[in-house]
Amino acid sequence: MKPLLQAEQAVLGSVLLDPDQLANLDWLAPGHFCRPVHQALFAALHQLRSDGHPAISAEGPVPLSWVTDAVDEAGRHVRGLTAVYAHTLVSACPRPEHAPVYGRMVLEGAIHRTIAAYASHLHQAARADALQGEVEGSLRSADVLAEVLTDLARRWGTDPRPVAPPTTPTTVPTTPTGRADQVAEDERFLLAVLAEQPKAMEEVVGWLRPGDFADPAHGQLYRCLGALHHRGELIDRITLLWEAQRRGLLADGTLSGEQVTAICDSVGPGSAEWLGERVMRSSVTRTAAASARAVRALAEDEALGPGRLINHALYVLGPFDDARTRWQSATVGPSPAPKALTPSHGAPHPAQVQAALARSSPRLPSPPSKLPRGAPGSATVRPRSLGPS
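Values in this document were obtained by computation on a predicted structure and should not be read as measured data.

Draft legend 1. Focus on the nonpolar core. Membership of the largest hydrophobic core comes to 101 residues, with the highest contact counts inside it found for L28, L45, W66, I115, L194, L208 and L240. If you tally residues by element for this core, the top one is helix 13 (residues 272-299), at 12 residues. Excluding anything up to four places from it in sequence, L28 contacts V11, F33, F42, H46, G103, V106 and L107.

Put into structure tokens, the structure is as follows:
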């Protein structure tokens, strides 16, 4: 049995043994459990508490009705839950007073699953946008993922901030097969227009980067054009070929003289800005898909703690945030960065404080005369036993 499943059973068993433990798990939600039957049972226990079940205020042993009523309530929403399994959960809990620690383990698993799921949604949206020549789905899904990361950070009690992972997951942006030919044609046409109309560089140089080209050779040729433009030198087929030679691109096989000549000779009437936006649009979707794969790879690493996972995920989303910012500069002008990715300064968020306190080590037990009902005393004090209703 996996540790996560044991932790889920231990949380539920602790609450079945001691209803007062629900007060220590207010930061844990039913959706944080992996199994539907566990989600339903935890929600049922919360519902019974809200309805003022007699077990909440009962003195002495926990009435058996606390278990049976919880099973009946949960059974209205999920199949397969029996009283026998409820008693299995009770036996799976070593110490009810450790419920917050078990709950933290459940939350850890939920954070990994949630991040992986939303990263998959971003990847699917990016692939769909790439096939349709759009970016809106990628932008929306990335915003949702950033908001989810921020919310999870607050639940965990940490401040969301991008932190580079020790080893960045290796992901290479790729173009869907159905769009590869069109993307390559757009890139060649743009390079031809820029080589024929040197002043056209002013229309794209502020936001288009060599890495936005799907073909690395095209990106290097754009870099050569940018270098000539930056130095204020004349741009034509010969000077472009010479710049490529000076950068060693002909010697290492990245480019060939015939390739440069073919691109320059294929020029026709065209708008550099319009073509640049098409190249940029393709770059946004490719980068979104690559970032999504990197985030998902991080989420699948069970050894990575939630705080580090969240901050590493924010970091690997950085290339997409940069591409999005430049896309907005190309189409609607610069806009502020997403709020979800902005580290907070000053006092921590109240939810962070609550989460951090909930996950802190339990206090030492008070003298027996001052212990509230259901609170653990010493190692020899056993939890309330289940008695007849």
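Draft legend 2. Representation of the layout of surface pockets. The volume enclosed by the second largest pocket comes to roughly 540 Å³. K2, L4, G109, H112 and E302 are the residues nearest the centre of the second largest pocket, which is lined by 17 residues in total. Counting only elements with at least two residues in the lining of the second largest pocket, the list comes to helix 1 (3-17) and helix 6 (99-132).

Draft legend 3. Spotlight on the pattern of salt bridges. Tallied over the full model, the rule gives 14 salt bridges. For D212, the salt bridge goes to R326, with nearest N and O atoms at 2.5 Å. Of the two residues, D212 sits in the loop between helix 9 (201-204) and helix 10 (216-231) while R326 sits in helix 15 (residues 318-331), which places them 114 residues apart along the sequence. R326 shares its class with D212; the two are buried.

Draft legend 4. Broad picture of the environment of S57. Following the sequence through the fold, S57 ends up in helix 3 (residues 54-57). We classify S57 as exposed; its relative accessible area is 57%. In the structure, S57 is positioned 38 residues away from P19 in sequence and 9.3 Å away in space, judged by C-alpha atoms.

Draft legend 5. Inspection of the side chain of T287 at higher detail. Mapped onto the secondary structure, T287 falls in helix 13. You can call T287 buried: its relative accessible area is 14%. When sequence neighbours within four positions are dropped, the list of residues in contact with T287 reads P319, F320 and A323.

Analysis parameters
- Residues numbered from 1 in each chain as written.
- Predicted model: local features only at pLDDT ≥ 70, side-chain atom pairs only at ≥ 80, totals over all residues.
- Heavy atoms only, no water.
- Core = buried A, V, L, I, M, F, W, Y, C linked by side-chain atoms within 4.5 Å.
- Buried < 20%, exposed > 50% of the residue type's maximum accessible area, 1.4 Å probe, protein only.
- Helix = DSSP H or I, 4+ residues; strand = E, 2+ residues; numbered from the N terminus.
- Contact = heavy atoms within 4.5 Å.
- 1 Å grid on protein atoms, 1.4 Å probe; cavity = no way out; pocket = protein on both sides within 12 Å on 5 of 7 lines; lining within 4 Å.
- Points joined across faces, edges and corners; volume = space filled by probe spheres on them.
- Salt bridge = Lys/Arg side-chain N within 4 Å of Asp/Glu carboxyl O.

Take it as geometry only, folks, not as evidence of what the structure does.
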